Amino acid sequence: EPEVTQTPSHQVTQMGQEVILRCVPISNHLYFYWYRQILGQKVEFLVSFYNNEISEKSEIFDDQFSVERPDGSNFTLKIRSTKLEDSAMYFCASRREEREKLFFGSGTQLSVL
Amino acid sequence: SQQGEEDPQALSIQEGENATMNCSYKTSINNLQWYRQNSGRGLVHLILIRSNEREKHSGRLRVTLDTSKKSSSLLITASRAADTASYFCASAWTGANNLFFGTGTRLTVIP
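Residues numbered from 1 in each chain as written. Chains lettered and ligands numbered in written order. Predicted model: local features only at pLDDT ≥ 70, side-chain atom pairs only at ≥ 80, totals over all residues. Heavy atoms only, no water.

Asks: Residues and numbers for the pairing of strand E6 (residues 55-58) of chain B, please.
Replies: Residues and elements named next belong to chain B. Where E6 and strand E7 (residues 61-66) come together, 4 bridges link them in antiparallel fashion. In the strand pairing of E7, Ser 58 is matched with Leu 61. Between E6 and the antiparallel strand that follows it, E7, lie 2 residues; Gly 59 among them carries a positive phi value of about 60°. (Pairing = 2+ DSSP bridges. Helix = DSSP H or I, 4+ residues; strand = E, 2+ residues; numbered from the N terminus.)

Asks: Tell me what's going on with the confidence of the model for chain B, and back it up with residues and numbers.
Replies: Model confidence for chain B is summarised by a mean pLDDT of 92, while 96% of its residues fall at 70 or above. Looking at the elements of chain B, mean pLDDT is at its lowest for strand E1 (residues 5-7) of chain B, recorded as 83, and at its highest for E7 of chain B, recorded as 98. (pLDDT = per-residue confidence, 0-100.)

Asks: Talk me through the state of the cysteines; I want residue IDs and the actual numbers.
Replies: In total, this model carries 2 disulfides over all chains according to the counting rule given. The disulfide that involves Cys 23 of chain A links it to Cys 92 of chain A, with 1.9 Å between the sulfurs. Here the disulfide of Cys 23 of chain A and Cys 92 of chain A is left-handed, its torsion about the S-S bond being about -65°. Of this pair, Cys 23 of chain A sits in strand E3 (residues 19-24) while Cys 92 of chain A sits in strand E9 (residues 88-95), placing them 69 residues apart in sequence. Exposure class is identical for Cys 23 of chain A and Cys 92 of chain A. Each is buried. Across a sulfur-sulfur distance of 1.9 Å, Cys 23 of chain B and Cys 89 of chain B are joined as a disulfide pair. (Disulfide = S-S within 2.5 Å. Buried < 20%, exposed > 50% of the residue type's maximum accessible area, 1.4 Å probe, protein only.)

Asks: I'd like to hear about the pattern of salt bridges, residue by residue, with values.
Replies: Oppositely charged side chains can pair when the atoms bearing their charge come close. Enumeration over the complete set of coordinates arrives at 6 salt bridges over all chains. The partner of Asp 86 of chain A in a salt bridge is Arg 36 of chain A, and the shortest N-O contact between them spans 4.0 Å. One end of the pair, Asp 86 of chain A, is in the loop between strand E8 (75-79) and E9; the other, Arg 36 of chain A, is in strand E4 (residues 31-37), with 50 residues separating them in the sequence. The burial state of Asp 86 of chain A is the same as that of Arg 36 of chain A; both residues are buried. Salt-bridge contacts for Lys 56 of chain B lead to Glu 53 of chain B; the nearest nitrogen and oxygen are separated by 3.9 Å. Glu 53 of chain B gets classed as partly exposed once you look at its relative accessible area, which sits at 23%. Several salt bridges share partner residues, and in doing so they unite Arg 36, Glu 44 and Asp 86 of chain A into one network. (Salt bridge = Lys/Arg side-chain N within 4 Å of Asp/Glu carboxyl O.)

Asks: Outline the side chain of Ser 72 of chain B, supporting the account with residue identities and numerical values.
Replies: Residues and elements named next belong to chain B. Within the fold, Ser 72 resides in strand E8 (residues 71-76). One polar contact links Ser 72 to Trp 34, side chain to side chain, over a distance of 3.2 Å. Contacts of Ser 72, omitting those with residues within four sequence positions, involve Met 21, Asn 22, Cys 23, Leu 32, Trp 34, Val 63, Thr 64 and Leu 65. (Polar contact = N/O pair within 3.5 Å; in protein donor to acceptor, adjacent residues only side chain to side chain. Contact = heavy atoms within 4.5 Å.)

Asks: Quick one: what's the story with the packing of aromatic side chains, residue by residue and with numbers?
Replies: All names here are of chain A. One pass over the full model with this rule turns up 14 aromatic pairs over all chains. Between Tyr 35 and Phe 45, the aromatic rings sit 5.7 Å apart at their centres with planes inclined by 65°, giving edge-to-face as the arrangement. With Tyr 35 in strand E4 and Phe 45 in strand E5 (residues 43-50), the pair connects residues that are 10 residues apart, well separated along the chain. Taken as a pair, Tyr 35 and Phe 45 share a single burial class, namely buried. (Phe/Tyr/Trp six-rings, centres within 6.5 Å; stacked < 30°, edge-to-face > 60°.)

Asks: Now, about the interface of chain A and chain B: what can you tell me, with residues and values included?
Replies: In this complex, chain A contributes 21 residues to the contact, which on the side of chain B involves 22 residues. Summing both sides of the interface, chain A and chain B together bury roughly 1900 Å²; the carbon and sulfur share of this comes to 49%. Per-residue buried area on chain A facing chain B is highest for Lys 42, Val 43 and Arg 99 of chain A; these three make up 31% of the total on that side. Across the chain A-chain B interface, the total number found is 1 salt bridge. Counting across the interface, chain A meets chain B through 7 residue pairs in polar contact (both at pLDDT 80 or more). Per-element accounting of the side of chain A that touches chain B gives the leading share, 4 residues, to E4 of chain A. (Buried area = accessible area lost by both parts, 1.4 Å probe.)

Structure below.
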């Protein structure tokens, strides 16, 4: 079965540094998402992306966050100046049609020191 | 917030027993979905139930939906040790294009 792939699986960074988390959604999918999960807590929605623009974003997704689909395959999440509280597992997800099931990647564990 | 709550937060049962997890949500939905997460891994879709459906089955899974109470339940029958995982409900809010996840139920099945 096709998979959503995320790289890197682990990322360690210093507070204030920029990080880019990368995702390759399933090739014929049209809707793309980023979620995050702080250890042991709930899965929180960050942003959704469709037709080359953000369709929805949460309060978490402030000016420090941005997303991009630089080519036909990659979908990236950038955090401009990381904070300690950005430490979490970040999941990328995609789906072909609205409101159908999501396919998740295996996540990037971000640790901000 | 449209995010739901799940009950119980943790559940421990013996292999072979049934496991029931409940989910409540806060607003009108198009559908409700259940996902499974093994420790430290991504979420895997289990089953989707639409707002006009009341019950759905998939293998050992049975999901019910009560839109008047804004609640859903997931029943896993004849549990196995391999069912040990966290289970999340996710609501697709009418008018929104994302899913809002509940707090999850951590299921442990003891062999």
